[in-house]
Amino acid sequence: MAQSEFNGFERFDAWIEQAIASLSPAGRKRLLRDIAREIRKRNQQRITKQQDPEGKPWEPRKRDSEGKIRGAKKMMLGFRKARRMQMTATPQGASVGFTGKTAAIAAVHHFGAVDYVEAGGPRIKYPERPLLGISKEDMAMIRDRLINEIASGH
């Protein structure tokens, strides 16, 4: 997003940060956990739809020499599982992401890197297919959740 899109919210966001800091550590952790859970759910839905965070469809699989698509099923559905797409929340922040070998494989697909198709097999350049991200709608949801939490006085 361009910097100008955030200019109208700078003072508002600073106020939200101060209000969040005034919450108890347990309250902040609960709020951030709820937001992280919703972000994970939204990213899982985008993976199911085979879309990046902006809603653009992923580049489809390449066709083989006969014009057929190998494994014409949806791609990377295993990444949407909660046991793979982990979330953490502390009073200081929250995150949604992958760990271990799943993180390495996800990074190849997310950023479009070169990797082996299988152990000892050929190396290919995978197209960029963003798995995780925060869309404009996600930002609006986060702001709404923060405002509701502050307004409710928890």
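Residues numbered from 1 in each chain as written. Predicted model: local features only at pLDDT ≥ 70, side-chain atom pairs only at ≥ 80, totals over all residues. Heavy atoms only, no water.

Participant: Please clarify how the overall build of the protein chain should be interpreted in this entry.
Facilitator: What the protein chain contains, in helices and strands, is five helices and four strands. Ordering the α and β elements of the protein chain from the N terminus gives α-α-α-β-β-α-β-β-α. Counting across all 154 residues of the protein chain, residues that qualify as buried make up 31%. Look at the contacts in the protein chain between residues 6 or more apart in sequence, and 58% of them connect residues 24 or more apart. (Helix = DSSP H or I, 4+ residues; strand = E, 2+ residues; numbered from the N terminus. Buried < 20%, exposed > 50% of the residue type's maximum accessible area, 1.4 Å probe, protein only. Contact = heavy atoms within 4.5 Å.)

Participant: Where do I start with the packing of aromatic side chains in this structure?
Facilitator: Working definition: an aromatic ring pair is given by the centre-to-centre distance plus the angle between the planes. All told, the structure shown has one aromatic pair when counted by the stated rule. Between the aromatic rings of Phe79 and Phe98, the centroid separation amounts to 5.5 Å while the plane-to-plane angle is 70 degrees, which identifies the pairing as edge-to-face. Here Phe79 is found in the loop between α3 (25-49) and β1 (86-90), whereas its partner Phe98 is found in the loop between β2 (93-97) and α4 (100-111), with 19 residues between them in sequence. (Phe/Tyr/Trp six-rings, centres within 6.5 Å; stacked < 30°, edge-to-face > 60°.)

Participant: Got a minute to help me understand unusual backbone geometry in this structure?
Facilitator: Comment: phi is negative for the bulk of residues other than glycine, and the bulk of peptide bonds are trans. Here the phi dihedral of Gln50 falls at roughly 60 degrees; this positive angle occurs in a residue that is not glycine. Along the chain, the position of Gln50 falls in the loop between α3 and β1. Residue classification places Gln50 among the buried residues on the basis of a relative accessible area of 12%. Even without being a glycine, Met76 presents a positive backbone phi close to 55 degrees.

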